[in-house]
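# Fold and geometry: a report
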Amino acid sequence: MDDTLERPTSISKPVDLVDDGEDEQSSGEEDQGPDWTKIPSVSTARPFIPKRGEKDFEPTAAGGSGLQRHVLDRSRHAMLEALSAPRTISSKSVSYAVWYPDIARAHVTMSRGIHFTNMGHSVARTTSVEDSKKFAKRLELLPEETLYLVERGAMLCWKASDLVLTDAPGLDDIDGVPMTVQHAFAEMIGTADLTLEQYQVFAYLKRLGYVVTRTKPPNPEYPVPSLIEPPKKRRVLSCFGRVLQLVQWPLQLLLGLVSRFDWWRPIRLSCLQISDTRSLFRSLRFLPGGHDVPLHVKVSPRVTSPYEIFYNVYKPSTPFKKTAPPPPDYSVVVVNARTTPMPTLTELAALFGALPELPPPLPRKRQSFAQHKADATAPPPASTSQTTHPPSSLVQRLFPWAFPSRASPEPVRNANPFLSLKTGKKMVVIAAVDAGMTSFFRFGEGVFTEWPMA
Amino acid sequence: MARRIPLRVSNNKAYVWDIDDIAALRADHHICGVLIGTLPHLSQQNVFLGVPLLLMPEEVVLLVDKHLAVLVDDPTAHRHPSVDALRHWNAERAAAAKHQIGAAETKEASEKAAKLSMSEEAIRKRREREERRAAAARAKALAEGEDGNAPEASGSGSRAAPSAPFEQRPSTPSAQATPAYTITLPGSSSDLQWYSSEGCTYESVADAQAAGIWTYPADLHERAKCRVFRDLWEKGNFMGGGVKFGGDFLVYPGDPMRYHSHFVATVIDSPVSTIKPMEIVAHGRLGTATKKAHLFCGWDDEKQEVSYFSIEWAGFG
């Protein structure tokens with residue numbers, strides 16, 4: 001903010017900034033329910049997303065004043081009006097699928113629209129037609145994908161039926177029993193490990209435009225991101241630690257002391273440089289710390305934890321290829337807020353153990369819009385000074401430890417560590433659903449050991 | 001109340017699918033539930049959601065105990081349709097499509113004549129408009145001082161884009177062998193011939209529990225929540241879920257659509273359970289920050305009554 005005051009420009013503040021401020025204010029008041037009177041009627045050509053409305057403190061005695069009752073009735077009427085809008089779609093853009101309850105998948109017989117660019121996967125199924133087994137690939141949807149398309153009004157789903165429909169008169173172009181949205185809800189939730197909570201999170205994110213896939217492939221053909229290689233260092237260390245634990249604890253302590261602490265040179269020469277406090281502290285550290293060290297917690301015989309990553313979520317802007325999905329932008333765990341307690345340390349450790357490390361967050365730019373534009377248009381500052389180093393002397397090259405390292409510009413420059421500590425190196429999103437209301441929480445693995453406070 | 005509202009139960013969750021039922025629950029019984037479905041015509045947002053209405057388990061227990069609603073085993077209520085029923089359904093569908101196509105054709109025929117005379121002039125005007133727009137875009141790009149290439153590219157782009165609809169125009173009438181019509185996808189099952197709640201309707205929670213379609217309330221805590229919910233509801237309050245405010249329920253003086261809640265309620269199972277001072281501080285702080293008072297609702301299972309204590313930040317000093 002001060003920067004903008006120091007450098008006055010003729011360009012006014014961009015409008016988005018003002019808008020953002022307003023949004024923050026209104027989203028803070030979650031109690032502010034949607035105002036159904038502001039909802040655009042069905043006939044409006046271009047739908048827009050209306051804002052939440054104002055509310056009164058309480059009704060006056062005897063059931064509210066006349067005005068209050070009038071406004072309430074209007075709101076209720078608007079809500080019911082909006083709710084009763086039918087799911088209509090042009091016959092040219094509707095998709096069709098057949099739901100097979102025995103395998104909990106829907107076979108898409110007619111796919112139209114952009115939904116199928118990031119939903120559905122192809123599976124080879126044997127279909128026995130007239131005693132000859134056919135092996136054909138077909139597009140299949142998971143229950144949540146099917147349900148989402150059905151309730152969105154983009155697809156009509158048939159339920160596979162035993163009735164012979166093909167030769168019955170008056171039943172052409174019917175592939176089974178037509179499923180209403182209600183039928184689909186009753187039938188599809190509870191199949192293929194899908195709970196209502198998980199479906200709600202799926203639909204919530206899909207409505208916002210995210211691409212959502214399952215983390216654990218429900219069947220072998222389901223495309224998953226090519227294995228995120230777990231951080232190697234960690235693997236080795238933890239194995240090493242486990243072996244040591246098995247041998248004996250005192251031995252481990254001794255080993256740790258010996259390997260970490262050089263008694264003859266408690267403070268290494270290179271650390272005499274006061275500027276390098278980081279390595280100084282590292283050499284002073286007796287006990288191993290940080291997330292690389294395995295937990296000394298007795299894990300009870302593995303009861304399946306509710307804290308398992310269920311969805312991979314991609315931002316709408318991430319280029320997504322259905323057959324070869326990239327590593328996810330977010331990993332989402334879905335829990336039932338009524339029955340699930342906070343994650344335990346072991347559960348969190350298990351979650352983070354499966355996640356990749358994120359790059360450190362970019363320092364927040366305190367730049368005005370005008371400055372930003374000026375920077376973009378101006379030629380980049382001469383970068384020659386960074387690439388050419390003064391030739392190092394022979395002594396320096398022979399004894400590099402005696403000199404402060406100049407070549408490696410450490411990110412110590414990021415003076416304020418709080419953003420990094422807050423963001424953490426790994427991140428998981430936990431969606432807690434309580435009877436239809438979803439709250440998303442972000443759990444980050446803070447790395448305090450890597451940020452000396454002195 | 002003559003009619004009991006059918007609550008469709010599947011997977012231990014109770015839904016309401018009919019708009020009239022949702023209206024009746026709200027206006028007559030002060031039960032709001034949560035809408036969880038996608039609104040078909042506003043499908044890319046989460047502020048306004050549509051059917052189904054999902055009820056909190058406490059709401060379900062209350063409605064059934066008060067004989068205001070019945071539980072219907074929804075998966076069972078969807079029967080296997082007979083071929084006749086399917087044929088009937090398909091005939092209706094075909095008739096609707098035919099009706100629409102017929103209506104569209106007559107409308108088109110009447111409009112065609114008017115259109116034909118208009119079209120020549122319209123096309124000319126459109127072309128002029130596009131050229132003007134392209135020129136403006138070019139001028140703008142030049143003014144912004146971009147590379148020489150950019151305006152050219154954008155110019156050709158803007159010209160290419162409008163030309164596409166031109167080419168498509170004549171093709172649409174030719175594709176009218178099977179004209180487009182609007183399909184209405186069915187939402188609620190109540191109108192289906194093969195939907196029948198006969199034989200799978202339960203009038204009490206115990207019956208539904210015995211049938212294995214409903215489990216709530218299963219333990220003391222859940223029972224306490226049901227009774228606290230019921231007690232507050234009987235006092236004339238509207239109740240909502242309190243998960244976003246760190247409590248079990250929100251207590252509203254009127255319809256949540258129009259009024260703010262006054263209390264965040266937390267249910268305490270028994271009068272002898274301990275409350276840590278930190279909880280009081282946290283609840284007091286949180287409630288005050290959201291302009292609500294926190295309400296501790298203690299359930300006494302022996303006396304079968306609820307006692308209430310509200311906490312607010314006193315604000316001295």
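Computed from a predicted structure; not experimentally measured. (Residues numbered from 1 in each chain as written. Chains lettered and ligands numbered in written order. Predicted model: local features only at pLDDT ≥ 70, side-chain atom pairs only at ≥ 80, totals over all residues. Heavy atoms only, no water.)

A tally of regular secondary structure across chain B gives eight helices and 12 strands. In chain B, which comprises 317 residues, the proportion classed as buried is 43%. Restricting the contact set of chain B to residue pairs at least 6 apart, pairs at least 24 apart contribute 60%. Accessible surface for chain B amounts to roughly 17,000 Å². Of this, 54% is attributable to carbon and sulfur atoms. (Helix = DSSP H or I, 4+ residues; strand = E, 2+ residues; numbered from the N terminus. Buried < 20%, exposed > 50% of the residue type's maximum accessible area, 1.4 Å probe, protein only. Contact = heavy atoms within 4.5 Å. Areas by Shrake-Rupley, 256 points an atom, 1.4 Å probe, with all protein chains shown as cover.)

In an α-helix, one turn spans 3.6 residues, which is why side chains three or four residues apart end up on the same side. For helix α6 (residues 196-207) of chain A, built from 12 residues, the straight-helix expectation of 16 Å at 1.5 Å per residue is met to within 8% by its first-to-last C-alpha distance of 16 Å. With respect to burial, α6(A) is a largely interior element, 11 of its 12 residues being buried. (Expected span 1.5 Å × (residues − 1).)

Okay, helix α5 (residues 181-188) of chain A next. For α5(A), the tally of buried residues reaches eight of eight residues, placing the bulk of the element in the interior. Two residues or fewer past α5(A), A:G190 is found with a positive phi of approximately 100°.

The next point concerns the domain arrangement of chain A. Residues and elements named next belong to chain A. Entries for chain A in the domain assignment read domain 1 (95-194) and domain 2 (239-362 + 385-450). Contact with domain 1, which involves nine residues of that partner, is made by four residues of domain 2. Contact between domain 1 and domain 2 buries roughly 410 Å² in total, counting both sides, with carbon and sulfur atoms accounting for 54%. Among the residues domain 1 hides against domain 2, the three largest losses belong to T117, N118 and E144. Together they make up 48% of the total. Where domain 1 meets domain 2, there are zero salt bridges. (Domains from an automatic or database assignment. Buried area = accessible area lost by both parts, 1.4 Å probe. Salt bridge = Lys/Arg side-chain N within 4 Å of Asp/Glu carboxyl O.)

It is worth spelling out a positive patch on the surface at this point. There is a patch of like positive charges on the surface, built from B:K125, B:R129, B:R132 and B:R133. Among the secondary structure elements, B:K125 is positioned in helix α4 (residues 83-143). (Patch = residues over 30% accessible without salt bridge, like charges linked within 9 Å, V, L, I, M, F, W, Y side chains within 5 Å. Lys, Arg positive; Asp, Glu negative; His and termini not counted. Charge placed at Lys NZ, Arg CZ, Asp CG, Glu CD.)

We now examine the UniProt feature "active site" (unreviewed entry) in chain B. All names here are of chain B. Within this numbering scheme, the UniProt entry marks Y252, H260 and K292 as carrying the feature "active site" (unreviewed entry). Across 41 residues in sequence, these annotated residues keep their C-alpha atoms within 10.4 Å of one another, forming a single compact spot. One can find Y252 in strand β9 (residues 249-252). A relative accessible area of 8% means that Y252 is categorised as buried. Counting through the fold element by element, H260 comes out in the loop between β9 and β10 (263-268). Given a relative accessible area of 18%, H260 falls into the buried group. (UniProt positions renumbered as here; feature names shortened; annotations may be inferred.)

Once that is clear, we can look at the pairing of strand β2 (residues 13-16) of chain B. Residue and element names in this part refer to chain B. Residues K13 and Y15 point to one face of β2 and A14 and V16 to the other, with burial holding for every one of them. Summarising the sheet, strand β1 (residues 5-10) and β2 pair through three bridges and their orientation is antiparallel. Paired with R8 across the strands is Y15, a residue of β2. (Pairing = 2+ DSSP bridges.)

Moving on, we come to the nonpolar core. Judged by nonpolar contacts, the single largest core of 56 residues is most densely connected at A:W36, B:L7, B:L55, B:L71 and B:W214. Among the elements that make up this core, the one with the highest residue count is helix α7 (residues 220-234) of chain B (six residues). Mapping this core onto the domain boundaries places at least three of its residues in each of domain 1 (1-79 + 196-216) and domain 3 (217-317) of chain B. With residues near it in sequence (within four places) discarded, B:W214 still touches B:V9, B:N12, B:K13, B:A14, B:P57, B:V60, B:V61, B:L71, B:V205, B:A208 and B:Q209. Among the nonpolar cores identified, the runner-up in size contains 45 residues, and A:V108, A:M119, A:C157 and A:M179 belong to it. (Core = buried A, V, L, I, M, F, W, Y, C linked by side-chain atoms within 4.5 Å.)

Once that is clear, we can look at the interface of chain A and chain B. Each partner contributes residues to the interface: chain A has 86 residues there, and chain B has 83 residues. For the chain A and chain B pair, buried surface summed over both sides reaches about 7,600 Å², with 62% attributable to carbon and sulfur atoms. Here B:D255 ties to A:R76 by a salt bridge, and the two come within 2.8 Å at their closest N and O atoms. Inspection of the chain A/chain B interface yields 28 residue pairs in polar contact (both at pLDDT 80 or more). Here the side of chain A that touches chain B takes nine residues from helix α3 (residues 66-83) of chain A, the largest share from any one element. (Polar contact = N/O pair within 3.5 Å; in protein donor to acceptor, adjacent residues only side chain to side chain.)

As a general feature of sheets, a regular strand has side chains that alternate between the two faces. All names here are of chain B. With respect to burial, strand β5 (residues 69-73) is a largely interior element, five of its five residues being buried. Burial of β5 is two-sided: the residues A69, L71 and D73 facing one way and the residues V70 and V72 facing the other way are all buried. In the sheet, β1 pairs with β5 via five bridges, with the strands oriented parallel. Counted as the bridge partner of I5 is A69 from β5. In the sheet, β5 pairs with strand β7 (residues 201-202) via two bridges, with the strands oriented antiparallel. Within β7, the position partnered with L71 by the bridge is Y202.

Per the UniProt record, "domain: TSEN34 N-terminal" (unreviewed entry) is found at residues 5-74 of chain B. The span residues 5-74 of chain B shows a helical share of 30% and a strand share of 36%, and its end C-alpha atoms are spaced 14 Å apart.

Another aspect to go through is the sheet that holds strand β3 (residues 34-37) of chain B. One open sheet accounts for six strands, arranged β3-β4-β2-β1-β5-β7 (chain B); its pairing is mixed. Strand pairing shows two members of the sheet lacking a second neighbour, β3 and β7 of chain B, which therefore form its edges.

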